[in-house]
Every structure is written in structure tokens, then in C-alpha cells.
Amino acid sequence: MSENKVVLITGGTRGIGKAIAIKFAKEGYNLVINYVSDKTDIDSLKEEFKQYNIETLFIKTDVSNFEDCENMIKKAIEKFEKIDVLVNNAGITKDNLILRMTKEEFDKVIDINLKGTFNVTKNVVPYMMKKKTGKIINLSSVVGVSGNAGQCNYSASKAGIIGFTKSIAKELASRNILANCIAPRLY
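Summary of the structure given here. From a predicted model like this one, the values you see are computed outputs, not experimental measurements.

Side note on the overall build of the protein chain
Thought 1: Secondary structure summary: the protein chain contains 6 helices and 6 strands in total.
Thought 2: When the helices and strands of the protein chain are placed in sequence order, the string is β-α-β-α-β-α-β-α-β-α-α-β.
Thought 3: For 187 residues, the compact-globule estimate of 2.2 N^0.38 gives 16 Å, and the C-alpha radius of gyration of the protein chain, at 16 Å, lies within 12% of that figure.
Thought 4: Its C-alpha atoms give the protein chain principal-axis dimensions of roughly 55 × 40 × 30 Å.
Thought 5: For the protein chain, contacts bridging at least 24 residues in sequence account for 69% of all contacts bridging at least 6.
Thought 6: Counting every atom, the protein chain has about 10200 Å² of accessible surface; 50% of that belongs to carbon and sulfur.
Thought 7: Of note, the protein chain has its 28 positive side-chain charges centred 5 Å away from the centre of its 21 negative side-chain charges.

Right, here's the structure in full:
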């Protein structure tokens, strides 16, 4: 086992997630990167991260599926024996006005963004508690506070992540596990 700290980043192969992964890699963290698309070029990403002299583990997982998340965490623990930091970044949008939004569009965004955050966190926390340390960073959005026309599903999921984070922060603080939420605004 490497002595490097280990970070698990959901949705870590592109966009904000990839930028977060690069930042942690530059700091010497070993990476566990979750992705969901078969179109993801894992070989290219592995090659890109070699320059940081760290270990990587890429795991295809649907974060909306609890058992998949359980298996992802088990694989990460088998390889690295710990997860020091969890970054719940995976998320999608399916924008539509409420009059046109389908039940499926609403459910899919809630399942990935909010339930996915629960599913991964629920499976990581026992390992952090055993080590008596950990950091959880959940990605929300400013629309989780302000709302946005055409995004009732996305806004609800991101507001839920804010409330979820506040609650687990209170639950886990006495165990030396910190939980924080980031709500970036893209311009």
C-alpha cells in the first residue's frame, strides 16, 4: 500500500471532476475515479495522470445504484486500504419547464445527483469512521439555494445535497470526519 493519501472522486473524468482530480494528483494523492460512460477514454486519462507519480484506479459505476456503489468502495479499499477524501461530484441535468418535464427526467436527476451522493457517502463513511478521520466534499450549485427556471429537478437535487451535507457534518464531526458542500457558479 502506498503511503499517499487517497481521494475518491465521482464523475472525475471530465469537467469540474477532472479539474479536481488533477488538483489532488498534483498534491500527491492517489486517485479513485468513478465514471459511468463507456465512451470515456480511460487509457488516455491513465496516461495523463502518470506525470504526477501517483496510483490511479478507474471504476465504472452508476452512482444511482446502491449495490454498484458498495462494490466500487470495496474495490477502492482492496487496492488502497483507505479513502481519506470523498468528492461527490457526479451529476447530470435534464432541463425542462415543469409543464414539459417528465417523471423520468425528474427522477433521473434526483437519482444521480442526490441519491448518488447518499449511496457513495453511505458506503465510504464506515471506513472513515474506522480510521477516525476523513473529509467529504459534496458538489452542489447556487441554484440549490436560488432555484432556476427550467431546472426544478436539478435545483431540488442540489438543495437536497446542501441539507444532506449539513446533517452529516453534524453527525460525523465528533468522529473527526469533516463534511462540506461547495456550490460553484459557472459563468
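A closer look at the packing of helix α4 (residues 103-131) against helix α6 (residues 152-172)
Thought 1: Taken N-terminus to C-terminus, the directions of α4 and α6 make an angle of 15 degrees; their axes are 8 Å apart at the nearest point. Relative to α6, the element α4 is oriented roughly parallel. The way α4 lies across α6 gives a crossing that is right-handed. Here Glu105, Phe106, Val109, Ile110, Asn113, Leu114, Thr117, Phe118, Thr121 and Val125 of α4 come into contact with α6, specifically with Cys152, Asn153, Tyr154, Ala156, Ser157, Lys158, Gly160, Ile161, Phe164, Ile168 and Leu172.

A short note on the nonpolar core
Thought 1: Judged by nonpolar contacts, the single largest core of 26 residues is most densely connected at Leu8, Val32, Ile73, Ile83, Val120, Val124 and Ile136.
Thought 2: Elements supplying a minimum of two residues to this core: β1 (6-9), β3 (56-60), α3 (66-80), α4, α6 and β6 (177-182).
Thought 3: A per-element tally of this core places α3 first, with 6 residues.
Thought 4: Residues contacting Val124, with those up to four places away along its chain left out, are Leu8, Ile73, Ile83 and Leu86.

Here is what the cut-offs are and how they apply
- Residues numbered from 1 in each chain as written.
- Predicted model: local features only at pLDDT ≥ 70, side-chain atom pairs only at ≥ 80, totals over all residues.
- Heavy atoms only, no water.
- Helix = DSSP H or I, 4+ residues; strand = E, 2+ residues; numbered from the N terminus.
- Rg over C-alpha atoms; globule rule 2.2 N^0.38 Å.
- Contact = heavy atoms within 4.5 Å.
- Areas by Shrake-Rupley, 256 points an atom, 1.4 Å probe, with all protein chains shown as cover.
- Lys, Arg positive; Asp, Glu negative; His and termini not counted.
- Charge placed at Lys NZ, Arg CZ, Asp CG, Glu CD.
- Axes fitted to C-alpha atoms, helices over the stretch in contact; angles between N-to-C directions.
- Parallel < 35°, antiparallel > 145°, perpendicular 65-115°, else oblique.
- Left-handed = near helix turned anticlockwise from the far one by under 90°.
- Core = buried A, V, L, I, M, F, W, Y, C linked by side-chain atoms within 4.5 Å.
- Buried < 20%, exposed > 50% of the residue type's maximum accessible area, 1.4 Å probe, protein only.

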